[in-house]
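Read off the chains here:
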Amino acid sequence: MAIADRLVAHLQQAWLGRGITAWLLAPVSLVYGALVGLRRAAYRRGLIRIQHLPVPVLVVGNRIAGGAGKTPTTLAILQHLRDAGWQPGVLTRGHGARPTPTSPLPLDADSQDQLNAVRTGDEPWLIWRRSQVPLMIGRDRAASGRAMLDRHPDIDILVCDDGLQHLTLHRDIEVIVFDERGTGNGFLLPAGPLREPADTRPVSALVAAPIVLHNAERRSANQAGHLARRKLGDIVPLAHWWAGRPWSEPAPRRAHAMAGIAHPERFFQSLRDLGIEVTPCPLRDHADFDTLPWARDVRTLLVTEKDAVKLDPQRIARERPDTEVWVAALDFSPEPSFWNELDAALARLPQPHCRP
């Protein structure tokens, strides 16, 4: 695993420029790009059927490999939809779920007691905990959508988390997220970070141009779009975070910091920006915690919410009784122009409670 992690780190560094690694891999990217184009053409010409659901579908995704802020974007959109009177549900693949669901797996108020973050994957569990919106987990988004509507017939819009390249399911709105990497070196995988060309249009003529959100300090890709502000919010003890109890005491000023996310350094730097002296403990994205990955002599540990969903306070008390674990929540706020464009797109859809 260490070798794989080093290879991923090397590729991510190579994707920032057009050095020797990128040029050596460029022929493979040409083949990959041709396959992407053929696949999209097959959907566009009807050679592969696009499946429609009886409610609108909003897809949140990205063009580049690795995390770009899809989960916080999804959470912000879910809250906005509920405030506007919609009853949303979420479709997600559940990356990292063990075992991978062979049929749609519901995560809602009726199923939560039989599930955990290992069974569902960390991001679906975090979305559920933060939003309390029903989720359906499965590789086949169309099948998951039908199962969701059978289980929750009051849902009138489905939000597909990380489903931009899942073309089988028709979508009505696309939200594409970039982070500070933008499009990297502009090459397709594996020579660059792009899953598909940055200017790719929807395969269906029924779908308007994508709404672009730059999860960065400035627009990071050569595309018009909106900015989102990302900073750490409340930092609370793990048991309080799980219980949803308020906490008003100051956060620790010195701690180890652990992050099993796509770009751990973002988390560490955000803590430093708050004046916290950090000893970083980076983990691979979606790291499992079958064995707790910090030393027994660690006294204070700060973690992301994505990692907190895999940490049971009772387990910590048994296995690491000398470690005080704190959770740092993420405050994510797109600028008003993003909501204006999204509201305009939503206004063109059948309004809540008016679907056939």
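J.: How do you make sense of the overall build of the chain when you look at a structure like this?
T.: When its secondary structure is counted, the chain shows eleven helices and twelve strands. Relative to the compact-globule value of 21 Å for 356 residues, the chain shows a C-alpha radius of gyration of 21 Å, a close match. Seen along its three principal axes, the alpha-carbon backbone of the chain occupies a region of about 60 × 55 × 40 Å. A burial count over the chain gives 54% of its 356 residues as buried. Within the chain, residue pairs in contact and separated by at least 24 positions form 74% of the contacts whose partners lie at least 6 positions apart. Of the roughly 17000 Å² of accessible surface on the chain, 54% is carried by carbon and sulfur atoms. Seen as two clouds, the 43 positive and the 39 negative side-chain charges of the chain have centres 5 Å apart.

J.: In this structure, what is going on with helix α5 (residues 122–131)? I would like to understand it.
T.: One turn of the α-helix equals 3.6 residues, which is why residues spaced by three or four share an orientation. Of all the ten residues making up α5, nine are buried; the element is thus mostly covered by neighbouring parts of the structure. Among the residues making up α5, those that are buried are D122, E123, P124, W125, L126, I127, W128, R129 and S131. Q132 occupies a position one or two residues after α5 and carries a positive phi of about 60°.

J.: I would appreciate a short explanation of the packing of helix α3 (residues 70–83) against helix α11 (residues 336–347) in the present structure.
T.: The geometry of a pair of packed helices is captured by two quantities: the angle between their axes and the separation between those axes. Remark: α3 packs on α11, axes separated minimally by 12 Å, with the N-to-C direction vectors making an angle of 55°. The orientation of α3 with respect to α11, classified from their angle, is oblique. At the point where α3 passes α11, the crossing takes the right-handed sense. Side by side, α3 and α11 meet where A76, I77, H80 and L81 of the first sit next to F338, W339, L342, D343 and L346 of the second. Of the residues that constitute the contact of α3 with α11, the class distribution is seven nonpolar, one polar and one charged.

J.: How should I be thinking about the nonpolar core in this particular structure?
T.: A general feature of soluble globular proteins is that nonpolar side chains tend to end up buried together. Counting residues in each nonpolar core, the largest one holds 55 residues, and the members touching the most others are I77, I173, M258, W294, L311 and L342. In contact with L311, other than residues within four places in its own chain, are L238, W242, M258, F289, L292, W294, V303, I316 and V325. Residues L91, M136, L164 and L169 belong to the second largest nonpolar core, which totals 18 residues.

J.: Could you clarify how one ought to interpret empty space enclosed by the protein in this entry?
T.: In this approach the atoms are scanned with a rolling probe the size of a water molecule, which exposes any empty space left behind. Per the stated rule, a full pass over the model turns up one cavity of 30 Å³ or more. Of the volumes computed, that of the largest cavity is approximately 60 Å³. Lining the largest cavity are I50, L167, L169, H170, R171, E174, P202, V203, S204 and V207. Residues belonging to the lining of the largest cavity are distributed by class as follows: six nonpolar, two polar and two charged.

J.: Which parts of the structure should I look at to understand helix α2 (residues 20–44)?
T.: Relative to the 36 Å expected for 25 residues at 1.5 Å per residue, α2 spans 36 Å between its end C-alpha atoms, a close match to the ideal helical length. Remark: G46 follows α2 within two positions and exhibits a positive phi of approximately 85°.

J.: Before we go on, may I ask you to explain the pattern of salt bridges in this structure?
T.: Side chains bearing opposite charge may pair, as long as their charged atoms lie close to each other. In total, this model carries 20 salt bridges according to the counting rule given. Between D331 and R229 there is a salt bridge whose closest N-O contact spans 3.5 Å. In this pair, D331 sits in strand β12 (residues 324–334) while R229 sits in strand β8 (residues 226–237), placing the two residues 102 residues apart along the sequence. One network of salt bridges, with partners in common, ties together D179, E180, R181, R230 and R266.

J.: Hey, could you run me through the layout of surface pockets in this one?
T.: Here the second largest pocket is characterised by a volume of approximately 350 Å³. Around the second largest pocket, the lining comprises 17 residues; the ones closest to its centre are E180, N215, A216, E217 and R230. Only β8 and α8 (264–273) provide two or more residues apiece to the lining of the second largest pocket. Looking at the lining of the second largest pocket element by element, the count peaks at six residues for β8. Of the residues that constitute the lining of the second largest pocket, the class distribution is five nonpolar, four polar and eight charged.

J.: Mind showing me how you'd approach the side chain of D307 here?
T.: With respect to the helices, strands and loops of the structure, D307 is situated in helix α9 (residues 305–308). Within the local environment of D307, its side chain forms a polar contact with the backbone nitrogen of G260, the two atoms lying 2.9 Å apart. Those residues in contact with D307, other than ones at most four positions away along the chain, are M258, A259, G260 and F289.

J.: Before we go on, may I ask you to explain a nonpolar patch on the surface in this structure?
T.: Together, V31, L35 and L38 make up an exposed nonpolar region whose accessible area comes to about 320 Å². Looking at where L38 falls in the secondary structure, it is placed in helix α2.

J.: I tried to follow the packing of aromatic side chains on my own but got confused; where do I start?
T.: Between two aromatic rings, the relevant description is the distance of the centres plus the angle of the planes. The final tally for this structure, using the stated rule, is five aromatic pairs. Considering the side-chain rings of W23 and F187, the 5.1 Å spacing of their centres and the 75° angle between planes classify their relative orientation as edge-to-face. Here the residue W23 occupies a position in helix α2, and F187 occupies one in the loop between β6 (173–179) and β7 (211–215), the gap between them amounting to 164 residues. Between the aromatic rings of F267 and F268, the centroid separation amounts to 6.1 Å while the plane-to-plane angle is 55°, which identifies the pairing as tilted. Considered together, F267 and F268 belong to a single accessibility category, that of buried residues. It is K310 that lies over the ring of F289; its NZ or CZ is 4.9 Å from the centre. Across from the ring centre of W294, 5.8 Å away, lies the NZ or CZ of R320, which sits over that ring.

Criteria and cut-off values
Residues numbered from 1 in each chain as written. Predicted model: local features only at pLDDT ≥ 70, side-chain atom pairs only at ≥ 80, totals over all residues. Heavy atoms only, no water. Helix = DSSP H or I, 4+ residues; strand = E, 2+ residues; numbered from the N terminus. Rg over C-alpha atoms; globule rule 2.2 N^0.38 Å. Buried < 20%, exposed > 50% of the residue type's maximum accessible area, 1.4 Å probe, protein only. Contact = heavy atoms within 4.5 Å. Areas by Shrake-Rupley, 256 points an atom, 1.4 Å probe, with all protein chains shown as cover. Lys, Arg positive; Asp, Glu negative; His and termini not counted. Charge placed at Lys NZ, Arg CZ, Asp CG, Glu CD. Axes fitted to C-alpha atoms, helices over the stretch in contact; angles between N-to-C directions. Parallel < 35°, antiparallel > 145°, perpendicular 65-115°, else oblique. Left-handed = near helix turned anticlockwise from the far one by under 90°. Nonpolar A, V, L, I, M, F, W, Y, C, P; charged D, E, K, R; others polar. Core = buried A, V, L, I, M, F, W, Y, C linked by side-chain atoms within 4.5 Å. 1 Å grid on protein atoms, 1.4 Å probe; cavity = no way out; pocket = protein on both sides within 12 Å on 5 of 7 lines; lining within 4 Å. Points joined across faces, edges and corners; volume = space filled by probe spheres on them. Expected span 1.5 Å × (residues − 1). Salt bridge = Lys/Arg side-chain N within 4 Å of Asp/Glu carboxyl O. Polar contact = N/O pair within 3.5 Å; in protein donor to acceptor, adjacent residues only side chain to side chain. Patch = residues over 30% accessible without salt bridge, like charges linked within 9 Å, V, L, I, M, F, W, Y side chains within 5 Å. Phe/Tyr/Trp six-rings, centres within 6.5 Å; stacked < 30°, edge-to-face > 60°. Lys NZ or Arg CZ within 6 Å of the ring centre and 35° of its normal.

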